[in-house]
Amino acid sequence: MADKVERIKCLIIGSGPAGYTAAIYAARADMKPVMYTGMEPGGQLTTTTEVDNFPGYPEGIDGPTMMIQLQQQAERFGTEVRIGMVTSVALSNTHGGIHKVVIDNGSTLEAESIIIATGATAKYLGLPSEQRLRGGGVSACAVCDGFFYKGQEVAIVGGGDTAAEESTYLANICSKVTLLVRKGEMRASKAMQHRVANTPNLEVKYFTEIEEVIGDQVVEGLRLVNNQTGEKEEIKVTGLFIAIGHTPNTNIFKGQLDMDETGYIITKGKSTKTNCPGVFASGDVQDKEYRQAITAAGTGCMAALDAERYLAAVESKEEVEA
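Below is a short write-up of the structure. (Residues numbered from 1 in each chain as written. Predicted model: local features only at pLDDT ≥ 70, side-chain atom pairs only at ≥ 80, totals over all residues. Heavy atoms only, no water.)

Within the protein chain, the regular secondary structure consists of seven helices and 19 strands. Over its C-alpha trace the protein chain gives a radius of gyration of 22 Å, about what one expects of a compact globule, namely 20 Å for 322 residues. Taken along the three principal axes of its C-alpha coordinates, the protein chain extends 75 × 40 × 35 Å. In the protein chain, which comprises 322 residues, the share counted as buried stands at 48%. For the protein chain, long-range pairs separated by at least 24 residues make up 59% of all intrachain contacts whose partners lie at least 6 apart in sequence. Just so you have it, the protein chain exposes about 16,000 Å², and 50% of that area is on carbon and sulfur atoms. When the 30 positive and 41 negative side-chain charges of the protein chain are each reduced to one mean point, those points stand 4 Å apart. (Helix = DSSP H or I, 4+ residues; strand = E, 2+ residues; numbered from the N terminus. Rg over C-alpha atoms; globule rule 2.2 N^0.38 Å. Buried < 20%, exposed > 50% of the residue type's maximum accessible area, 1.4 Å probe, protein only. Contact = heavy atoms within 4.5 Å. Areas by Shrake-Rupley, 256 points an atom, 1.4 Å probe, with all protein chains shown as cover. Lys, Arg positive; Asp, Glu negative; His and termini not counted. Charge placed at Lys NZ, Arg CZ, Asp CG, Glu CD.)

We now examine the side chain of Asp287. By the element assignment, Asp287 lies in the loop between strand S19 (279–281) and helix H7 (293–321). The charged side chain of Asp287 is buried without a salt bridge, its nearest counter-charge being Arg291 at 6.8 Å. A distance of 3.0 Å separates a polar side-chain atom of Asp287 from the backbone nitrogen of Arg291. Among all residues touching Asp287, those that are not within four sequence positions of it are Tyr264 and Thr295. (Salt bridge = Lys/Arg side-chain N within 4 Å of Asp/Glu carboxyl O. Polar contact = N/O pair within 3.5 Å; in protein donor to acceptor, adjacent residues only side chain to side chain.)

Let us now look at the sheet that holds strand S15 (residues 221–226). Pairing between the strands of a sheet comes from backbone hydrogen bonds, and it takes one of two forms, parallel or antiparallel. Sheet architecture is open: three strands sit in the order S14-S15-S16, paired in antiparallel fashion. Since the sheet does not close on itself, it has two edges, and those belong to strand S14 (208–214) and strand S16 (232–235), each with one partner. Averaged over all neighbouring strand pairs, the angle between strand axes comes to 25°, with direction disregarded. Relative to S15, S14 is paired through six bridges, and the arrangement is antiparallel. Opposite Thr208, over in S15, you have Asn226 as the bridge partner. (Pairing = 2+ DSSP bridges. Axes fitted to C-alpha atoms, helices over the stretch in contact; angles between N-to-C directions.)

Encoded structure:
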């Protein structure tokens, strides 16, 4: 006789601020949520040394500690947190349908509702020195970490709207910002380019790439190379911000959920509903605009409420039919 397939009322995929907030609300609503953490339990915040802009922490808190506390809060109300990764899904397109999910240990689950909180992964340059100093002066979020470099000289890499916006943001709090653009022009909109050009303490270096991030424990400078002439130079900075984009972690849902051209899940209106009934998306997996822990947590709350109402509607319909 074949093993009985486990049925889950509310499955949460991902364990960042969105996933844990969804778990807290779902557990308190007696939805008996089961969470699979993914390959990076706690999400991007586990690579952040200090979180100063999340409400409720007047003295700040380091990212890993904050995620441990969120997990403890979710577990306090009955969330079952499992270490593991969802490798494939077969989503139902019918109201009240059952979604089938495969875990990396080979087990198969059936879920009555799914909350997706798999997040997005920041793109990095791939330099060994850059990876070594992540959390030691290398960051992929100027809004998150720029405050720590107030009055200091920093550099930022990128040529699009995000790089332009973040470089002007940094220029308001840092003494000098050097924007490094790989090509001979920026991809940013003309309006954003004008903002960059009109910011006095913001210098743009075109045709410029980073050869090495200098520093042992923290960022102390950069070795740059002009990709046209081969000329090299070193500049002193205490912070390096990477603004070359993010990749949403949505590969396992492609072909089943509606996404934009870059792979972000499209949700309906002001809800977290996807095109599949009973499947909800929260956090950075559906938000390429704000990408903050607090906004991710907010959509995690929304997803749990949406899932609760969905399950209640399904149960009501089944009672009527019975």
